[in-house]
Every structure is written in C-alpha cells, then in structure tokens.
Amino acid sequence: RKQKASGVSTMAANKKAAFVIHPFKNPPQRDPEIVERNWELLRKSISEIFNKNAGSLSFEELYRTGYNMVLYRHGEVLYNNVVGVLGKRTEDLRDLVVATNDEVFLQTLRTVWDDHKTAMLMVRDILMYMDRTYVVQHKKMQIYDQGIRLFRDNVVHLPQLKERMLQLLLGHITRERNGEAITRDILKSTTQMLVDLGKDVYNNDFEVPFLAKTQEFYQIESQQFITSNSCSDYMKKVEKRLKEETERVSLYLDKETEKGLRKVVETELIQKHLSTLVHMEHSGLVAMLEADKIDDLRRMHDLFSRVAGGLDLVRENLCLHVREIGKALVSDEATNADNIKYVHALLDLKDKYSKIIEKSFDGNKDFQNGLNKAFEYFINLNQRSPEYLSLFMDHNLKSGSRGGGKGGVEDLIDNTLERVMMLFRYLTEKDMFEKYYKQHLAKRLLSDRSASEDAERRVIVMLKSECGYQFTSKLEGMFNDIRMSAHQMDAFREHTRANPTETDITVKVLATGCWPTTAQGKCNPPREIESCCEAFKNFYLRQHNGRVLSWQMNMGNADLKAVFPKSKHEINVPTYHMILLVLFNQQNTLSFAELAEASGISTPELKRALQSLANGKFKILVKEPKSREVNEADTFTFNSEFKYKMVRFKVQSVKSGRETADEQHKTQEKVEEDRKPQIDASIVRVMKARKTMEHNNLVAEVLRQLQSRFSPNPATIKKRVESLIEREYLERVPGDMKTYQYLA
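Thresholds applied
Residues numbered from 1 in each chain as written. Predicted model: local features only at pLDDT ≥ 70, side-chain atom pairs only at ≥ 80, totals over all residues. Heavy atoms only, no water. Helix = DSSP H or I, 4+ residues; strand = E, 2+ residues; numbered from the N terminus. Rg over C-alpha atoms; globule rule 2.2 N^0.38 Å. Buried < 20%, exposed > 50% of the residue type's maximum accessible area, 1.4 Å probe, protein only. Contact = heavy atoms within 4.5 Å. Areas by Shrake-Rupley, 256 points an atom, 1.4 Å probe, with all protein chains shown as cover. Phe/Tyr/Trp six-rings, centres within 6.5 Å; stacked < 30°, edge-to-face > 60°. Lys NZ or Arg CZ within 6 Å of the ring centre and 35° of its normal. Pairing = 2+ DSSP bridges. Axes fitted to C-alpha atoms, helices over the stretch in contact; angles between N-to-C directions. Expected span 1.5 Å × (residues − 1). Arc of directions from axis to C-beta. pLDDT = per-residue confidence, 0-100. Parallel < 35°, antiparallel > 145°, perpendicular 65-115°, else oblique. Left-handed = near helix turned anticlockwise from the far one by under 90°. Nonpolar A, V, L, I, M, F, W, Y, C, P; charged D, E, K, R; others polar. 1 Å grid on protein atoms, 1.4 Å probe; cavity = no way out; pocket = protein on both sides within 12 Å on 5 of 7 lines; lining within 4 Å. Points joined across faces, edges and corners; volume = space filled by probe spheres on them. Salt bridge = Lys/Arg side-chain N within 4 Å of Asp/Glu carboxyl O.

### Focus: the overall build of the protein
Within the protein one finds 32 helices and nine strands. Its C-alpha radius of gyration of 50 Å places the protein more than 25% over the 27 Å reference for a compact globule of 744 residues. Judged by the C-alpha coordinates and their principal axes, the protein covers about 160 × 90 × 65 Å. Looking at the protein as a whole, 43% of its 744 residues qualify as buried. When contacts within the protein are restricted to residue pairs at least 6 apart in sequence, those whose partners lie at least 24 apart make up 70%. When the accessible surface of the protein is totalled, it reaches about 41,100 Å², and 49% of it is carbon and sulfur.

In structure tokens:
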C-alpha cells in the first residue's frame, strides 16, 4: 500500500514539471559547399529568366532553394548576390539601349523595359520567402523594387540616355502639334515607364521640361497667329489647341499632367493676350457686340473665364461700350424729338444686351449688374427721361394705340409694361415720373381713353411693388373717384328722369388731393351746358353739404351733331372745341378776337384749339390767311365743303407732346417743392430714432431712405435741417455745430 501511494505522488509531481525539448548534443553536419551550389543554381536560373528561357525551369525547386538559403541564415549572401546580378543585368541593358539609333531608340527602350519588368516578376516569385522574412527583418528594399531602382539608375538616369529620351519625346510631341502623324503607343509606353519608375522621375525627367517646351511653343505660335488673324479666328484656334492638349493627356500622358498643361496653354494663348483680343480693331469685343455675334461672344466668355481677370476685363469693356452708346442715344436730338422713338431705342438697347448676356455669358450676375449700372448712368443724364417714359406708357395704355381690340391689350400686358418697368427702375428721380404719370393717367381716365382697366391696375401694382404704397396711394384714389362718379351719375340721371334736360351731361367728381392740380381754365360754356352744370351742382351739394365744386372745363369733351351741306356727322371734340364750334351757329365767319371774347378761352389754349380745327386732320374751319400757325389777326370760316366718309369721328387737340422748356422748369419747381416735406419727414424719423446724430451720418441715412423715390442734393438736406432747427424740431449740440439732437 505504501509503495502504491508513493507512485501516485511521483506522477503528480511529473505533471507539474515544464516540457522542454533539448537540441541534439551533436548537430548534423551540412555540406559547406551547398551554399555555393544553391546560389549557382539560382544565378543560372535568373540568367535564364533574363534570357527568356524560363520555360525549362522548375520554379518549385528554385523557390525551395531560396527558402533553404534563408532558413539556414544565408539570406544576406543571397540578397547581395541577387542585387549584384541585377546591377550587372541593367548595365547590359544600358549598353544595348545606348547602341541603338534614334529611329528605334524609344521602341528598344520600351521592349527592354517590358522584358525587365516581366523578368523581375519571376525573380520576385522565386525569392518570395526572402522578401517576407529576411528583407522585412533587416529593413531592406524588396527585390522587385531593387530591380526597378537599378534600371532607373543605370539606364534611365544615365545622362546621355536621359537627355536623348527627353529630346525624342518632346520632338514627337512637337511634330504632332505641327500636324504630323506619330506613333502614340511608343509615347504612351515611355511615359508610363517613367510613372512606374516613380512619380518624381516622371515629374522631374519629363513633365517639367515638357511644360517648359509647351510654354515656348505656344508663346511663339500665339504671337504669330494673333498678328495675322481676327479675334474670332484666334479664339477658334485656341479652342482647338485646348481640345488637342486635353486629348494628348488622355492618349499618352499621365492624367495629373493635365492641370499644369492646361495652365500653361491658357496662360500663353489667353492670359497674355486678353487686352489685345478685347480691343482688337474691327474684330474685338466692340465689333462682336455691334454685329450681335452671339457664338463668338460665347466663345470669348468660355475662354476668358479660364483665366484670372478675363471676365472682369470683358465686363468692364462691355459696360463701358453700353455707357457710350446710351450716352449718345439720350443726347441725340433726333431721338429726343420723339418720345416714342426715344423709349423704343432704350428698350431695343436693353433687349439686345440682355439677350447677349443671357445667351453668351450664361446670364452672369456681374454682367447683369454692370449693365444695370450703365443704364442707370445714361438714362439719368437726360432730364426728360421720366417724362418720356410716362408718355410712352400713356401711348400704349390708350385705347386704339395698338389698333384696338383685346389682342393688342394682352400683348401690351405681357410685353411692353414689363419692359418699360425695367427702365423705370433705373430712374433716380422717380417722383418726377410720378408727377407726369399722374397727369397722363388723369387724361386717360377723364376722356375714357384707357384701353384696359386691368392693364392700368397692373401698372399700379408694379409701381407699388417698386416704390411702396405711398407712391401709388394717389393713383389708386383716382380710380376710386372714377368709380364713385359713375355711381353718382346713375343717381343724378335717376333724379332728373322726371324732368330730363335737352343736353345729356356726364360729370366726374375728383378729390383735389389725388388728382394733378391745374389752373382752372376759364371759358364761357353754352347756355345749355351751363344749366346742366348748375343742376348737377345743386344735386351734389344737397348730398354732400359743405363741399365746393370747381369746374375744370378744359379737361372734358363733348359729342356734337354737325350738319354740313353735303353730309351729317357726330363729332367728339374737347370742351373748348365744342364752345368754339357752337359759336359758328350764329354766323359763318369769326375773327380770332371775336372768338376769344365770346369763348373766354385763354390765348394759348384758343390757338391750340383753332389749330386743331383749321389745320388738323379734320378741317372743319377754314383759316385766312393760309398758314401753319394761328395768329391773332386770322379769321375763321365754317367749312361748308367739308365731307368725310365716316359718320362718327373724333377731333383731338393738337398734341402738345413733351413739355416746353418753360413747362419743364415749372414742373421741376413743383416737384422740388413737393420734396421738401418728404425730406423733412425723413430727417425727423431718423432723429427721433437716433436722438443724436452727426451731420454727415444724418445726410447719408436720409439719402438711403429716399433713394427709392429720388436722390436729394446734400445741400438741400442741409437747408431742410436748418428749417427744422428754426421750427424747433432739432437743435445743435452745444459746443459741436456738426451734431444735432432731437427735440421731443
């Protein structure tokens, strides 16, 4: 029992002991010549691989041989010997390439390189174990990379071969640029070899001198071509060259070369000739603009956008050209003589250059802003621009101005109004436009000549959108007065139904604050008209006690039944014309003085009315002596020979057209007077919010607030400040004369 227990104890002790394998006391002896034999086998096999006789080799045996050499700690010998063989091999390849002539140099270099790469892949495979163990442990370069490095150093970087290869490559590319056919595959393989040898090899050995050669080539070519061709032809050449260079990269250059190549070509062909191309006589930017060469301008945009400052130069010259054209347009006497022609010329100019910017310059915002500034500059050079824009809109908004009918009005709404509003935005004195537009709108509404109420209201909406409610409040009030007048006339006719008058009358009651104020035209209306006016006045004042009616006969019109010896007609005439024609019911011939006394019409208005009746389209009166102008010594006779094919027709006043210089001066004075309370209100608003403010800052803020309506002169703002100080709205800060403070 005791012995058995002892045995168990011994086995337990043995389990706890570590398991150790001891080496042989006498290690096996290896053949000392086996290393040399193994290396000799590998050396011969590598030579066979280089000589393209690898088919008879056993790669398994060669791999095992290399494996054993590394395993038995002969990796260093193997590595160094292989490197030596590779060095010798690349030197042999170098001698082979050096001996070739230029015709087959690149082809030979490509063949040698391809064979060398293929051989190095086989060598790498049989020495794979060495790469994975010895090379990694000793931080050596892998054997394939060593073969590539040695080829680079011994072949490609041999000075005479390096320069020769570069010159041949550049020569082929130059010949292709000159239109000759070349073998692109050889160039592709050569540049790819340089990339495989390392990006720094490609960049330093080829790309840098290639870009320098490209710069030299295009520098010479651009100088030669620009001196003998038009701007358009030159740009087409540049487009072609850029396309060629892009294709060149895709065909046989490294893709990363494209950026540098494009930069060189753009600099030499575009950047250095920007000013010359833009200002080229007979074919530069101005010539293209004048001839509407959309495609050429598009080409210029595409090319100039590639270089810094290119589009800026085009934009500056385009805007300068538009400014000069516009300045000449608004200063031209022939154009200024006709407001319709004037505005049409502006619209055509705007349409032309807006189209160019949209189609040729991709609607570039900078170009659009520059065009807007150019128009704003020259439109405001002509003080009559607000008046002419209003007259143009008046012409288009009148019934019959587009041949009548719904189609003309719809066309007006869709096209003309929007285009004219573009010009309106350029006006700095929009309140001047408001003054004229109010006068013209009043005439349309009072004479029932508005083509479309929808069109009229659309203009109001546009103006409100541009300038705010205050700008259009009075215009909207005018429409309200017309609508209310229609209701009042219905009530008046209902009131007089029991006792109708011989003459029918239509009265429009206008609020003084909304309508343009004009001097009350004095006249002596016929008794029938006077009695009708008195009847309406009594009716109206019974409904609106405390109001005052002031008759504006000069703003009305009348329908007359005229009996001539040869025909009968119904004639629509202005009120003054009606007063004069009725006088001829008593006698056939009247002198100017007799007409003036009987009618009570002022001399200027009387001359205008007689001019229309005697020298207009419808010669209802005959003037003696015959002349274009009406003089106070003239006599007028009822034209018994008058005849016209239409029963109904309308006689209009002689168009006053644009204002005379004196009328314009008076309008300007009135506008300046109307601006004073607006400037005062703006100053008070600013000072009430800021409490204290320096003079220059106050002027700047007032200008900013009022710029949507007009641009007041800083001197005018200063006068209004002085006025507000006198009225104790403001005061100067003691000790600082340039600073104001608000008085509550």
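The structure having been displayed, the exposition proceeds.
### Some words on the packing of aromatic side chains
Overall, the coordinates contain 25 aromatic pairs when judged by the stated rule. Judged by centre distance (4.8 Å) and plane angle (50 degrees), the rings of Phe375 and Phe378 are tilted. You can see Phe375 and its partner Phe378 sitting in helix α20 (residues 365-379), three residues apart, about one turn around the helix. Look at Phe375 and you get buried, because its relative accessible area is 0%. Given the relative accessible area of 0%, Phe378 is considered buried. Seen from their ring centres, Phe536 and Trp551 are 6.4 Å apart, and the 70 degrees between their planes marks the pair as edge-to-face. Of this pair, Phe536 sits in helix α26 (residues 527-543) while Trp551 sits in the loop between α26 and β1 (557-563), and the two are 15 residues apart along the sequence. On the accessibility criterion, Phe536 (0% relative accessible area) is buried. Residue classification places Trp551 among the partly exposed residues on the basis of a relative accessible area of 24%. Pairwise contacts between aromatic rings join Phe564, Phe618, Phe638, Phe642, Tyr644 and Phe649 into one cluster. A cation sits over an aromatic face here: Lys237 above Phe225, 5.6 Å from the ring centre.

### A few points about the pairing of β1
Side chains Ala558, Leu560 and Ala562 project from β1 onto a buried face, and the interleaved Asn557, Asp559, Lys561 and Val563 project onto a face without burial. Pairing analysis gives seven bridges linking β1 to strand β2 (residues 568-574), with the strands arranged antiparallel. Bridged to Lys561 within β2 is Glu570. The turn linking β1 back onto β2 is made up of four residues.

### Observations concerning the sheet that holds β1
The strand order across the open sheet built from three strands is β1-β2-β6, with neighbouring strands paired in mixed fashion. Here the strands that pair on one side only, and so sit at the sheet edges, are β1 and β6 (648-650). Put simply, the sheet's adjacent strands are angled 25 degrees from each other on average, direction ignored. Packing against the sheet, helix α27 (residues 575-583) makes contact with β1 and β2, and its axis sits at approximately 130 degrees to β2.

### Some thoughts on helix α2 (residues 34-50)
Counted at 1.5 Å a residue, the expected span for α2 with its 17 residues is 24 Å, and the 24 Å between its end C-alpha atoms agrees. All of the buried residues along α2 are Val35, Asn38, Trp39, Leu42, Ser45, Ile46, Ile49 and Phe50. For α2, the arc enclosing every buried residue in end-on projection is 140 degrees, short of the 170-degree limit, so these residues lie on one face. Along its buried surface, α2 packs onto α3 (59-71), α4 (75-98) and α5 (102-126). Following α2 by one or two positions, Lys52 adopts a phi angle in the positive range, close to 65 degrees.

### Re the confidence of the model for the protein
The share of residues in the protein with pLDDT of 70 or more is 92%, and the mean pLDDT across the chain is 87. Confidence drops under pLDDT 50 across residues 1-15; counting only partners more than four residues distant or on other chains, this segment forms zero contacts. A low-confidence stretch, residues 402-406 stays under pLDDT 50, and its non-local contacts, those more than four residues away or across chains, total five contacts.

### What to know about the side chain of Ser283
Relative to the assigned elements, Ser283 resides in the loop between α14 (274-278) and α15 (285-290). Note on Ser283: relative accessible area 14%, which makes it buried.

### Let's talk about the sheet that holds strand β7 (residues 692-694)
Judged by pairing direction, the sheet is antiparallel, and its three strands sit side by side in the order β7-β9-β8 without closing on themselves. The open sheet has two edge strands, β7 and β8 (730-733), and neither has a second partner. Neighbour to neighbour, the strand axes of the sheet diverge by 35 degrees on average, direction disregarded. The sheet contact formed by β8 and strand β9 (residues 736-742) spans four bridges and is antiparallel. Within the sheet, the bridge partner assigned to Arg732 lies in β9 and is Tyr740. Seen against the sheet, helix α31 (residues 695-706) touches β7 and β9 and runs at an angle of roughly 95 degrees to β7. Most of the contacts of helix α32 (residues 714-726) go to β8, to which it runs at about 100 degrees, and overall it touches β8 and β9.

### Describing the packing of α2 against α4
At a closest axis distance of 11 Å, the pairing of α2 and α4 adopts a crossing angle of 30 degrees. In this view, α2 runs roughly parallel relative to α4, as classed from their interaxial angle. Our pair here, α2 against α4, has a crossing hand that is right-handed. Residues Trp39, Leu42, Arg43, Ile46 and Phe50 of α2 lie in contact with α4, whose contacting residues are Leu78, Asn81, Val82, Val85, Leu86 and Arg89. Each residue belonging to the contact of α2 with α4 can be placed in one class, and the counts come to eight nonpolar, one polar and two charged.

### Some words on empty space enclosed by the protein
Taken as a whole and judged by the stated rule, the model has four cavities of 30 Å³ or more. Estimates place the volume of the largest cavity at around 50 Å³. Contributing to the lining of the largest cavity are Leu242, Glu245, Thr246, Val249, Glu258, Leu261, Arg262 and Val265. Every element with two or more residues in the lining of the largest cavity is listed here: α12 (231-252) and α13 (257-269).

### A look at the pairing of strand β5 (residues 635-638)
The pairing of strand β3 (residues 589-591) with β5 spans three bridges and is antiparallel. Within β5, the residue paired with Thr589 across the bridge is Thr637. Where strand β4 (residues 621-624) lies against β5, four bridges are found, and the strand directions are antiparallel. Across the sheet, residue Glu624 finds its bridge partner in β5, namely Thr635.

### A closer look at the pattern of salt bridges
Summed over the entire model, instances satisfying the criterion amount to 55 salt bridges. In this structure, Arg241 and Glu244 form a salt bridge, with 2.8 Å as the shortest nitrogen-oxygen distance. Taken together, the positions of Arg241 and Glu244, both in helix α12 and three residues apart, correspond to about one turn of that helix. Judged by relative accessible area, which is 4%, Arg241 ranks as buried. Ionic pairing is found between Glu429 and Arg675, a salt bridge with its closest N-O pair at 3.7 Å.

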